[in-house]
Amino acid sequence: MSKKRDYTFSYGPWNFSEGQDPYGPPTRPVQTFDWKLDQLKGLGYDAMMFHDDDAVPELDGKSHKQIRKEAKALHRRLKDAGIAAEIVAPRLWFSPNTIDGAYTSNDPKHRKYAVERSLQCIDIANELDCGLIVLWLAREGTYVRESKSGRRSVELIVEAIDKMLGHDKKIRIAIEPKPNEPMDVAYIPTIGHALAVAQLCSDPKRVGALIETAHCILAGLDPSDEIDFACTFGKLWSLHLNDQNGLKFDQDKPFGSVNLRSAFDQVRTLERNKYGSRGECVAFDVHPFRTTKIEHWAKHLENSRRTFLHLVEKARSFDEKAAQALVKDRNYADLDQMVLEHLLGK
Ligand code: GLO
Ligand code: MG
């Protein structure tokens, strides 16, 4: 196990969602951005994740100069509050220009919009002193597979990333894969796909990945193996821990709330890979339940962090020597039980 280290925690303003689902309206009123920022330190967090329009609201209607000015003002506020901007992500799934995809839209005007917005996102990140862009490729896929070419789509994604790498010689890009939702089938469903795309880019060293627990589960994969895979390449640059109950809509449940053992495995893997020692954050991409009352609105963030820290202790106190002896003896039955009893505190 690695030496004792502290982790740096992060969340996004969207993690205080209002409870709406496809079948019903919000169950909580919209909170201001200021309120969301004010909660951060008290909850034991250090950094905030941003979409480009979390940082500069309604940016499509604003001039470049105005956008820079607002981003600068936000940077001052963050600095005063001692909060870092962990990532900035272009929100390429709200605009009428991205109905048929962003970088992979069949309409060249819309592809141009997506690239320009991504370059602007880099400018915002620079103002926020943030060197990491996250690409969740929400609409890069299809509802009707015959409507796009898979090969052409991958090429278009690479072209778009190359434009971003060319726009700024230092910026790094972390691709956040997800196999479905909102699309039926997505082009970059797993970490293997994300890292393969990185190799095709003009500067592969600056293209890596962000892993989200729920997205791995939706792809039928083990999150801790996905983490290990990315770490083997030195490419895990951010993380969205949460949980997911099987193959259904993306649930973004509190970390460990469905499968504590899998959460333990994820934390143990992070510890073994010394995740965080190069400044990477542990972010929780979790949402409150629809039933959550206003006064309990931050519980999912508080609880995810608590569970994570308990599991760090569990990973560090796991008797690795005894485990290795069982491995040597191929006594996986007792290894299995040893993990369960460790988690049960027996
Ligand atoms: C949705 C994604 C989303 C992204 C966020 C950052 O499934 O997990 O929450 O992480 O927009 O790009
Ligand atoms: Mg996410």
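**Q** What am I meant to see in the coordination of the magnesium ion (ligand 2) here?
**A** Note on the magnesium ion (ligand 2): its protein donors are Glu176 (OE), Glu212 (OE), His240 (ND1) and Asp285 (OD). The metal-donor distances range over 2.0 to 2.3 Å. Spacing between the donor residues of the magnesium ion (ligand 2) along their common chain follows E-x35-E-x27-H-x44-D. Here the residue Glu212 occupies a position in strand S8 (residues 207–212), and His240 occupies one in strand S9 (residues 236–241), the gap between them amounting to 28 residues. Like His240, Glu212 is buried.

**Q** Any chance you could explain the site of ligand 1 here in plain terms?
**A** Taken together, 13 residues are adjacent to ligand 1, and His51, Glu176, Lys178, Glu212 and Asp285 come closest. Glu176 places a polar side-chain atom, nitrogen or oxygen, 2.7 Å from an oxygen atom of ligand 1. Side-chain polar atom of Glu212 to an oxygen atom of ligand 1: 2.7 Å apart, as the coordinates give it. Across the complex, the protein chains shield 95% of the 330 Å² of accessible surface that ligand 1 would expose by itself.

**Q** I'm lost on the state of the cysteines in this one. Help?
**A** Linking two cysteines covalently via their sulfur atoms produces the bond known as a disulfide. Overall, the coordinates contain zero disulfides when judged by the stated rule. Of the cysteine sulfurs around Cys201, a residue in no disulfide, the closest is that of Cys121, at 16 Å.

**Q** Is there a simple way to explain the pairing of S9 in this structure?
**A** Moving residue by residue along a regular strand, the side chains alternate between the two faces of the sheet. For S9, the tally of buried residues reaches six of six residues, placing the bulk of the element in the interior. In this sheet, S9 lies alongside S8 in parallel orientation, the contact comprising four bridges. Paired with Ala209 across the two strands is Leu236, which belongs to S9. Here two bridges tie S9 to strand S10 (residues 282–284), and the two strands are oriented parallel to one another. Looking at the pairing, Leu241 lines up with Phe284 of S10.

**Q** For this particular structure, what's the right way to read helix H4 (residues 108–127)?
**A** Every α-helical turn comprises 3.6 residues, leaving residues that sit three or four positions apart pointing alike. An ideal rise of 1.5 Å per residue puts 28 Å on 20 residues; H4 measures up with 29 Å between its terminal C-alpha atoms. Two or three places before Lys109, at the opening of H4, Asp107 has a side-chain oxygen 2.8 Å from that residue's backbone nitrogen. Note on H4: the residue one or two positions beyond its end, Asp129, has a positive phi of about 60°.

**Q** Where do I start with unusual backbone geometry in this structure?
**A** Excluding glycine, most residues fall at negative phi; most peptide bonds, likewise, are trans. In this chain, Glu181 is followed by Pro182 through a cis amide linkage whose omega measures 10°. Along the polypeptide, Pro182 turns up in the loop between strand S6 (172–176) and strand S7 (185–186). Even without glycine at this site, Glu58 takes up a positive phi of about 50°. Within the secondary structure layout, Glu58 lies in the loop between helix H2 (52–55) and helix H3 (64–81). The phi dihedral of Asp129 is positive, around 60°, even though this residue is not glycine.

**Q** Honestly, the pairing of S6 in this entry has me stumped. Any pointers?
**A** Buried residues dominate S6, accounting for four of its five residues. Sheet topology note: the strand S4 (residues 132–136)/S6 ladder contains five bridges and is parallel. Counted as the bridge partner of Ile133 is Ile173 from S6. Strand direction decides the pairing type here: S6 and S8, joined by three bridges, are parallel. Bridge assignment links Ile173 to a residue of S8, and that residue is Val207.

**Q** Honestly, the pattern of salt bridges in this entry has me stumped. Any pointers?
**A** Side chains that differ in sign of charge can pair as their charged atoms come close. As enumerated under the stated definition, the model contains 23 salt bridges in all. With its nearest N and O atoms 3.7 Å apart, the salt bridge here joins Lys109 to Asp107. Residue Asp107 is classed as partly exposed on the basis of its relative accessible area of 21%. Between Asp203 and Lys205 there is a salt bridge, with the nearest N and O atoms lying 3.2 Å from each other. Note on Lys205: relative accessible area 65%, which makes it exposed. Through salt bridges that share partners, Asp52, Asp53, Asp54, Asp60, Arg91 and Arg117 make up one connected network.

**Q** Is there a simple way to think about the packing of helix H8 (residues 223–232) against helix H9 (residues 260–272) in this case?
**A** Look at H8 against H9: their axes get within 8 Å of each other, and the N-to-C directions meet at 15°. Classified by the angle their axes make, H8 and H9 are roughly parallel. As H8 packs across H9, the resulting crossing turns out to be right-handed. Mapping the contact onto sequence places Pro223, Ser224, Ile227 and Asp228 in H8 and Ser262, Asp265, Gln266, Thr269 and Leu270 in H9. For the contact of H8 with H9, the class distribution of residues is three nonpolar, four polar and two charged.

Rules of the game
Residues numbered from 1 in each chain as written. Chains lettered and ligands numbered in written order. Predicted model: local features only at pLDDT ≥ 70, side-chain atom pairs only at ≥ 80, totals over all residues. Heavy atoms only, no water. Donors = N, O, S within 2.8 Å, 3.2 Å for Na, K, Ca; no water. Helix = DSSP H or I, 4+ residues; strand = E, 2+ residues; numbered from the N terminus. Buried < 20%, exposed > 50% of the residue type's maximum accessible area, 1.4 Å probe, protein only. Near = heavy atom within 4 Å. Polar contact = N/O pair within 3.5 Å; in protein donor to acceptor, adjacent residues only side chain to side chain. Areas by Shrake-Rupley, 256 points an atom, 1.4 Å probe, with all protein chains shown as cover. Disulfide = S-S within 2.5 Å. Pairing = 2+ DSSP bridges. Expected span 1.5 Å × (residues − 1). Salt bridge = Lys/Arg side-chain N within 4 Å of Asp/Glu carboxyl O. Axes fitted to C-alpha atoms, helices over the stretch in contact; angles between N-to-C directions. Parallel < 35°, antiparallel > 145°, perpendicular 65-115°, else oblique. Left-handed = near helix turned anticlockwise from the far one by under 90°. Contact = heavy atoms within 4.5 Å. Nonpolar A, V, L, I, M, F, W, Y, C, P; charged D, E, K, R; others polar.

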